[in-house]
Amino acid sequence: MPEAVPTLNLQATPDGGHCAVLGGSWSAARLAEPARWCHISQVLADVVTKGIVSWDLRAITRLDHTGAQLLWNSWGRQWPAQLQWHPVQRTMLERVAHFTTPAVKPARRSAWQAFLHLGKLLWMLWDHAVGMLVLLGQLLLDGLRLLRAPGRGPWRDVSGHLYRIGATALPVTALVGFTIGVVLAYLMSRQLRQFGADTFIVNILGLAVIRELGPMLAAILIAGRSGSAITAQIGVMRVTEELDAMRVMGIAQGYRLVLPRAMAMAIAMPLISVWTTLAALLGGMLAADVVLGVTPAYFFATLPDAVEISNLWLALGKSVVFGLLIALIGCHYGLRVKPNTESLGRGTTASVVTAITVVLLVDAVFAVVFKNVGL
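Here is a short report on the structure shown in this document.

As for the nonpolar core
Core analysis: the largest hydrophobic core is formed by 39 residues, its most contacted members being Ile222, Met265, Met269 and Ile326. Top contributing element to this core by residue count: helix α10 (residues 253-291), with eleven residues. The residues contacting Met269, other than those within four sequence positions of it, are Ala218, Ala219, Ile222, Ser319, Phe322 and Gly323. Formed by 22 residues, the second largest nonpolar core is a distinct cluster that contains Ala20, Leu44, Leu57 and Trp75.

Focus on the environment of Met124
Looking at where Met124 falls in the secondary structure, it is placed in helix α5 (residues 111-148). On the basis of relative accessible area, Met124 is assigned to the partly exposed category, the value being 39%. When the C-alpha positions of Met124 and Val274 are compared, they lie 36 Å apart, and in sequence the two are 150 residues distant.

Quick notes on helix α7 (residues 170-194)
In this model, α7 (25 residues) spans 37 Å end to end at C-alpha, consistent with the 36 Å of a helix rising 1.5 Å per residue. Approximately 25° is the largest bend angle found in α7, and it occurs at Met188. Listing the buried residues of α7 in full gives Thr173, Ala174, Gly177, Gly181, Ala185, Met188, Ser189 and Leu192. Tucked into the core, α7 has its buried residues touching α8 (201-239) and α10.

What about unusual backbone geometry?
Here Glu241, not a glycine, exhibits a phi torsion of approximately 65°, which is positive. Among the secondary structure elements, Glu241 is positioned in the loop between α8 and α9 (242-248).

With respect to the pattern of salt bridges
Summed over all chains, the structure comprises nine salt bridges. Ionic pairing is found between Asp56 and Arg58, a salt bridge with its closest N-O pair at 3.0 Å. By relative accessible area, which is 11% here, Asp56 ends up buried. You can call Arg58 partly exposed: its relative accessible area is 42%. Between Arg90 and Glu94 there is a salt bridge, with the nearest N and O atoms lying 2.9 Å from each other.

Brief notes about the pairing of strand β2 (residues 18-26)
β2 sits mainly inside the fold: eight of its nine residues count as buried. As paired elements, strand β1 (residues 7-12) and β2 share six bridges and run antiparallel to each other. Bridge pairing in β2 links Gln11 to Cys19. Hairpin geometry of β1 and β2 is characterised by an intervening segment of five residues between the two adjacent antiparallel strands and by a positive phi of about 90° at Gly16. Relative to strand β3 (residues 54-63), β2 runs parallel, the two sharing seven bridges. Bridge pairing in β3 places Cys19 opposite Ser54.

Focus on the packing of helix α6 (residues 155-165) against α10
Where α6 meets α10, the axes come as close as 8 Å, and the angle between the chain directions of the two elements is 45°. When the interaxial angle is binned, α6 and α10 end up oblique. In terms of crossing hand, the pair formed by α6 and α10 is right-handed. Counting all contacts with α6, which are made through Trp155, Asp157, Val158, His161, Leu162 and Ile165, the residues of α10 involved are Arg256, Pro260, Arg261, Met263, Ala264, Met265, Ile267, Ala268 and Ile272. Considered class by class, the residues forming the contact of α6 with α10 number eleven nonpolar, one polar and three charged.

Some thoughts on the packing of aromatic side chains
Scanning the model with the defined rule gives three aromatic pairs in all. When the ring centre of Tyr255 is taken as origin, the NZ or CZ atom of Arg145, which lies over that ring, is 3.9 Å away.

A look at the sheet that holds β3
In space, the four strands of this open sheet follow the order β1-β2-β3-β4, with mixed pairing throughout. Two strands in the sheet have a free side with no partner beyond their single neighbour: β1 and β4 (82-84). Strand-to-strand twist in this sheet, taken as the mean axis angle between neighbours without regard to direction, amounts to 20°. Of the strands in this sheet, β1, β2 and β3 are in contact with helix α2 (residues 34-49), which crosses β1 at around 25°.

Details of the pairing of β3
Within a regular strand, the side chains alternate between the two sheet faces. Pairing analysis gives three bridges linking β3 to β4, with the strands arranged parallel. The residue bridging Trp55 from the neighbouring strand is Leu83, located in β4. The parallel pair β3 and β4, bridged by helix α3 (residues 65-74), forms a crossover whose chirality is right-handed.

Conventions used here
- Residues numbered from 1 in each chain as written.
- Predicted model: local features only at pLDDT ≥ 70, side-chain atom pairs only at ≥ 80, totals over all residues.
- Heavy atoms only, no water.
- Core = buried A, V, L, I, M, F, W, Y, C linked by side-chain atoms within 4.5 Å.
- Buried < 20%, exposed > 50% of the residue type's maximum accessible area, 1.4 Å probe, protein only.
- Helix = DSSP H or I, 4+ residues; strand = E, 2+ residues; numbered from the N terminus.
- Contact = heavy atoms within 4.5 Å.
- Expected span 1.5 Å × (residues − 1).
- Bend = angle between axes of the 7 residues up to and from the residue.
- Salt bridge = Lys/Arg side-chain N within 4 Å of Asp/Glu carboxyl O.
- Pairing = 2+ DSSP bridges.
- Axes fitted to C-alpha atoms, helices over the stretch in contact; angles between N-to-C directions.
- Parallel < 35°, antiparallel > 145°, perpendicular 65-115°, else oblique.
- Left-handed = near helix turned anticlockwise from the far one by under 90°.
- Nonpolar A, V, L, I, M, F, W, Y, C, P; charged D, E, K, R; others polar.
- Phe/Tyr/Trp six-rings, centres within 6.5 Å; stacked < 30°, edge-to-face > 60°.
- Lys NZ or Arg CZ within 6 Å of the ring centre and 35° of its normal.
- Right-handed = clockwise from strand over helix to strand, strands pointing away.

The following block contains the structure:
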């Protein structure tokens, strides 16, 4: 036989007040019905808002832990002033009240605690900066070692990383670059058309893509794609204790792990930057032809005069710096991973975020330092 639905009614008392009379089945089976749960929760909230202090539970046919917990939470986790119940209901409610964890309000952070937290953040920043400086110094020493004995260098590792970082990234960078070029051309065409300056789309698009967007898009994509892979690869070596085995066997981690990745990234990033720039220019050129009628022939003829070659050299130089920074940051966080999967996930996430942030900051520095170059 199905259980009766839970009910709640207000009845007047002789002293002029009201008493909340509960009936039916206050069980998980009945309260689990979405419509019933919403109705009962709303009615309980309304009754509590009215300040009802008298409750009668004797008409309830069944009360389990779910119903008892609902009532206890509705009462603000304290007993009402007047409560009528059966002994079994009293046992159930007292058990729920005993085992319910009191709500803990988050303590407000004092000024001293905020100061200590700031100090902790600054110390972490200093620790990472020192670690990056040590890694950079070790990279320079490993580079000198490679110059003294190039025949014994890790060229096979460099070749493998160059393929994984560069060749496999060409499709996604071309797609993103082409799309960005199309979008920029469409947006600029709406503004240039108002002033009859359709032909200047070559100047704006060429300068923006060659000098800034090409290297930036390539660096951000590689930071998210290959930078995270570098951190994950080295981090897994920490989890599987391969790094400890290398240390025991006397294999230099910087020479075998950091140097090949840094070299491959420094070589691949300028090439990927040029590839992304060409894709963006192609997309912008096709969009300009469709929207403004600027033919590809005019685009090719005007671009060398509109954009000086120094912008291209600046973009290539930035790309080399971006590649080295992405590789160093990926290796830095990979070597700091602890032998557990949680640390591996945190390190990979921090590597990507840090790499993209550093790329943006360094690009801003380049823009300020070389503001008079090629303009």
